[in-house]
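Commentary on secondary and tertiary structure
For reference, the chains in residue letters:
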Amino acid sequence: MEVFVRRSLQLSLFAVILLGLIGGTLAYVAAQKSVTLTVDGQARTVGTYAGTVAEVLDEEGLEPAAHDVLLPAAAQEIADGDTVVLNRARPLELTVDGVSRELYVTALSVDEALAQLGYRADGLVLSASRSERLPLDGMQLTITTPKDIVLVSDGQERVVTTTAATAGDLLAEQGIALSESDRTSLYLGQGLLNRMRLQVFRVQVSEVTETTEVPHETVETQDPNALEGEKTVTQPGVAGEQVATVRVTVVDGVETARETLSTTVSREPVPELVTVGTKPRPANSPAADGLNWAALAQCESGGRPTAVSGTGRYHGLYQFSVSTWQAVGGTGLPSEASPDEQTYRAQLLYNRAGAGQWPHCGRLL
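Structural notes, computed from the coordinates. Just so you know, these numbers come straight off a predicted model, no measurement behind them.

Considering the pattern of salt bridges
Applying the stated criterion across every chain yields a total of 14 salt bridges. In this structure, the salt-bridge partner of arginine 44 is glutamate 60, at a minimum N-O distance of 3.0 Å. Of the two residues, arginine 44 is situated in strand β2 (residues 42-48) and glutamate 60 in the loop between α2 (53-59) and β3 (69-71); the sequence distance between them amounts to 16 residues. For glutamate 60, a relative accessible area of 27% gives the class partly exposed. Ionic pairing is found between arginine 130 and aspartate 111, a salt bridge with its closest N-O pair at 3.0 Å. Remark: aspartate 111 occurs in helix α3 (residues 110-117) and arginine 130 occurs in the loop between β7 (125-126) and β8 (139-144); sequence separation between them is 19 residues. Relative accessible area serves as the criterion here: at 38%, aspartate 111 is assigned to the partly exposed category. Members of the salt-bridge network, linked through shared partners, are Asp40, Arg88 and Arg90.

Side note on unusual backbone geometry
Here leucine 71 and proline 72 are connected by a cis peptide whose omega angle stands at -10°. The backbone phi angle of aspartate 154 is positive, close to 55°, even though this residue is not glycine. With respect to the element layout, aspartate 154 can be found in the loop between β9 (147-153) and β10 (156-162).

Here's the deal with the sheet that holds strand β18 (residues 272-279)
The strand order across the open sheet built from three strands is β14-β18-β15, with neighbouring strands paired in mixed fashion. With one partner strand each, in any of the chains shown, β14 (218-227) and β15 (231-235) form the two edges of the open sheet. Across this sheet, the average inter-strand angle for adjacent strands is 35°, counted without regard to direction. With four bridges joining them, β15 and β18 adopt antiparallel strand pairing. Residue pairing for β18: lysine 231 is matched across the bridge by valine 276.

A word on the pairing of strand β12 (residues 197-201)
Direction of pairing for β9 relative to β12: parallel, over a ladder of three bridges. Looking at β12, one finds that leucine 151 is bridged to leucine 198. As defined by bridge partners, strand β11 (residues 183-184) adjoins β12 across two bridges and the pair is classed as antiparallel. Residue arginine 183 lies in a different strand from β12, and its bridge partner there is phenylalanine 201.

Rules of the game
The residue numbers shown here count from 1 along each chain, following its written sequence. Totals for whole chains, interfaces and linings use every residue, but because this is a predicted model, local features are given only for residues with pLDDT of at least 70 and side-chain atom pairs only at 80 or more, for both listing and counting. Note that water and hydrogens are dropped before the side-chain values are worked out from all heavy atoms of the structure. Salt bridge criterion: a side-chain nitrogen from Lys or Arg within 4 Å of a carboxyl oxygen from Asp or Glu. Strands here mean DSSP runs of E at least two residues long; helices mean DSSP runs of H or I at least four residues long; both are numbered from the N terminus. Residue burial is assigned from relative accessible area. The probe radius is 1.4 Å, only protein chains are included, and a residue is buried under 20% of its type maximum, exposed over 50%, and partly exposed in between. In this description, strands pair whenever DSSP reports at least two bridges between them. To get an axis, a line is fitted to the C-alpha atoms, and for a helix only the part in contact is used. The angle between two axes follows their N-to-C directions and goes from 0 to 180 degrees.

Set out below in structure tokens:
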């Protein structure tokens, strides 16, 4: 009887253990989930016992980076039949019309990257094919957009539409050649932006020789035998001559600068030698010779020593011409001389030629 009880107890314990093993296995199998994992557009189904999205990715050896797109969020609990999407970001060094920046895109190709960045216009010039795939470690991409540029060259101004990247590229595209001295309003390597103005300045630099006059000096020597104020030229002055080498700069047909490089005197000037009287003159009284000089002066000039005719030809009290004034020893302008000297020169003129020198007023003498 005792043996039978002991055997029944053993069978009961075995049954309990067997049921526990079967129940645990069924529970373990029931805990497994089927999840669709899509990485960079590639989908596959994975079986997992993970409880969250992060655990699923960890099981698959995936670690999202800061710029990656993950749906649902890493902490989200996962259930059987769920989908996890991971789009990994690619670094892109993007240069648009000469301006560079670094950014991240989840696009898999150049074309998708352009769409993500909003560059959908036709006519873009790209450094890579639109169908080229973006590697996970990124790439460099240069975009040149069509631009309207105001181009001024050789007297013409026009608007050209171009995808040239730089000012130099545009000139080459338009067949505009530059000489070594020509200049442009933009640096040739400068990137172009819409509505920029690019002007070509045709610069010509040449060296010319120019001959100019060198004024002569006047050397005065006192003559004690000549009356004060009398001047006599004993040696006429002759201007010299100098030759200069000049660098002339002409921009678009207009001279903008000149620089004297050297100067050589080809002929020395000859000084003018003049004797100046120092002998005191006798007091000069208009009435001393019995002639009415005051009446003549009043008629000719209104009695004004500084009077000048409307034509500028006649000067002073007695309206001397400059040549007549010089003929009687005067220097400078008669209207700049003192009244006494003007009367003295008028007396000399009268002694030489009489009152006829003043055809209208000479009768008043």
